[in-house]
Amino acid sequence: MRVLAEVHAQDRYPLDWPDRPAAWLSQGPLLGSWVAELDGRLAGHVSLSRAGDDDLAPGLWSERSGAARETAAVVGRLFVVPAARGHRIGALLIGRAVREARDRGLHPVLDVVTSDTAAAALYERLGWQRMATVDQRWDHRTVTLACYTAPS
């Protein structure tokens, strides 16, 4: 949780600090989670889950592809500690989640808050395609999300 707190303090990710950070990392229909280390220290995290009812990207991908929504997998909870950036850790973690999704016969999708321009730039460098920008209601406010689909 210390590493997640460090990322939140610098980047405001997650946008709202969860009441139970450990549960936040593993919430939903989780298919797997992976961490990266650099010099023996935790450097980053990513997870993969089945689409939840509130996930927008799986529905958008389903509409565009004609495939069932259930065949999408959501890449999420990606973060890299500030001191470990510049080592391609984010790309490696995303690649691991994408491989797992494809090994399961699922198509990876994700969404990102549009204010997180560094994350969006990473996804686009890796060939992810923005499907749409949408507003979603989160408890006490509306946030704008960019929804992405993994390259074929």
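Here the structure is a predicted model, which means the values were calculated and not measured. Per chain, residues are indexed from 1 in the order of the written sequence. In view of the model being predicted, local features appear only for residues whose pLDDT reaches at least 70, and side-chain atom pairs are presented and counted only at 80 or more, with totals across whole chains, interfaces and linings using the full set of residues. Note that water and hydrogens are dropped before the side-chain values are worked out from all heavy atoms of the structure.

Notes on helix H5 (residues 117-125)
Counted only if it meets this: Only protein chains enter the accessibility calculation, which uses a 1.4 Å probe. A residue is then buried if its area is under 20% of the maximum for its type, exposed if over 50%, and partly exposed in between. Helical segments are the DSSP runs of H or I of at least four residues, strand segments are the runs of E of at least two, and each set is numbered from the N terminus. Read the arc as the range of directions from the helix axis to the C-beta atoms.
Burial in H5 covers these residues: Ala-119, Ala-120, Leu-122 and Tyr-123. In an axial view of H5, the angular spread of the buried residues amounts to 160°, which keeps them on one side of the axis. In this structure, H5 carries Thr-117, Ala-118 and Arg-125 as exposed residues pointing more than 90 degrees from its buried face. Among the residues trailing H5, Gly-127 stands out with phi positive, at a value near 95°.

Overview of the pairing of strand S4 (residues 107-113)
As a reminder of what qualifies: Strand pairing is assigned whenever DSSP detects at least two bridges linking the two strands. Seen with the strands pointing away from the viewer, any crossover whose path from the first strand over the helix to the second strand runs clockwise is right-handed.
A large share of S4 lies buried, amounting to 6 of its 7 residues. As paired elements, strand S3 (residues 72-80) and S4 share 3 bridges and run parallel to each other. The partner of Ala-73 across the bridge, within S4, is Pro-108. In this fold, S3 hands off to helix H4 (residues 89-103), which returns the chain to S4; that crossover is right-handed.

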